[in-house]
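Structural description and commentary
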Amino acid sequence: MGEGGFGSLLPFVLMFVVIYFFMIAPQMKRAKKEKKFAAELKKGDRVVTKSGLHGKIAELNDKDNSCIIETLAGKLKFDRSAISMEMSTKLNAPVATKK
């Protein structure tokens, strides 16, 4: 490289580093948490799907990574990835009592 060759690449390297730490790394961390959440689901857990369906897990199938959710309308089969970690966590959070 000629004179100033590395200096002209520096802004691109810095831009990649900033994008990695502010966008890619947090997304990878969230995906890892969601995968752990789906793996830790158990029978009887109250859940909400990403489409907003509320129910309780009746069965888990590790073979095809699915679950049967019992709702007021009956039992429905969903892929575990369709369960919303964020909404299910809020649903199961303890309710704060007012004093």
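Worth saying up front: this structure is predicted, and the values here are computed from it rather than measured. (Residues numbered from 1 in each chain as written. Predicted model: local features only at pLDDT ≥ 70, side-chain atom pairs only at ≥ 80, totals over all residues. Heavy atoms only, no water.)

1. Quick look at the overall build of the protein
Across its full length, the protein holds two helices and four strands. Walking the protein from its N terminus toward its C terminus, one meets helices and strands in the order α-β-β-β-β-α. Expressed as a percentage of the 99 residues in the protein, the buried residues total 21%. Sequence separation of 24 or more characterises 36% of the internal contacts of the protein that already satisfy a separation of 6 or more. Carbon together with sulfur atoms contributes 63% to the accessible area of the protein, which is approximately 8100 Å² in total. (Helix = DSSP H or I, 4+ residues; strand = E, 2+ residues; numbered from the N terminus. Buried < 20%, exposed > 50% of the residue type's maximum accessible area, 1.4 Å probe, protein only. Contact = heavy atoms within 4.5 Å. Areas by Shrake-Rupley, 256 points an atom, 1.4 Å probe, with all protein chains shown as cover.)

2. Side note on the sheet that holds strand β1 (residues 46-48)
Judged by pairing direction, the sheet is antiparallel, and its four strands sit side by side in the order β1-β2-β3-β4 without closing on themselves. If you trace the sheet from one side to the other, it starts and ends with β1 and β4 (74-79), each paired once. Pairs of neighbouring strands in the sheet enclose a mean axial angle of 45 degrees, with direction left out of account. The sheet strands contacting helix α2 (residues 85-92) are β1 and β2 (54-61), and the helix crosses β1 at an angle near 140 degrees. (Pairing = 2+ DSSP bridges. Axes fitted to C-alpha atoms, helices over the stretch in contact; angles between N-to-C directions.)

3. Focus: the packing of aromatic side chains
Applying the stated rule across the entire model yields one aromatic pair. Centroid distance Tyr20 to Phe21: 5.3 Å. Interplanar angle 85 degrees. Geometry classified as edge-to-face. Exposure remark for Tyr20: the relative accessible area of 31% places this residue in the partly exposed category. (Phe/Tyr/Trp six-rings, centres within 6.5 Å; stacked < 30°, edge-to-face > 60°.)

4. A word on the side chain of Ser88
Here Ser88 lies in helix α2. In terms of polar contacts, Ser88 uses its side chain to reach the backbone amide nitrogen of Val48, at 2.9 Å. Not counting chain neighbours up to four residues away, the residues in contact with Ser88 comprise Phe37, Arg46, Val47, Val48 and Ile83. (Polar contact = N/O pair within 3.5 Å; in protein donor to acceptor, adjacent residues only side chain to side chain.)

5. A few points about the pattern of salt bridges
Any two side chains of opposite charge can pair, on the condition that their charged atoms come close. This structure, assessed with the given rule, holds seven salt bridges. Linking Asp45 and Lys42 is a salt bridge whose minimum nitrogen-to-oxygen distance equals 3.3 Å. Across the salt bridge formed by Arg80 and Asp62, the nearest N and O atoms sit 2.6 Å from each other. Taken together, the positions of Arg80 in the loop between β4 and α2 and Asp62 in the loop between β2 and β3 (66-71) put the pair 18 residues apart, joining distant regions of the chain. Assessed through its relative accessible area of 5%, Arg80 is described here as buried. Three or more residues joined by partner-sharing salt bridges are found here, namely Arg30, Glu34, Glu86 and Lys90. (Salt bridge = Lys/Arg side-chain N within 4 Å of Asp/Glu carboxyl O.)

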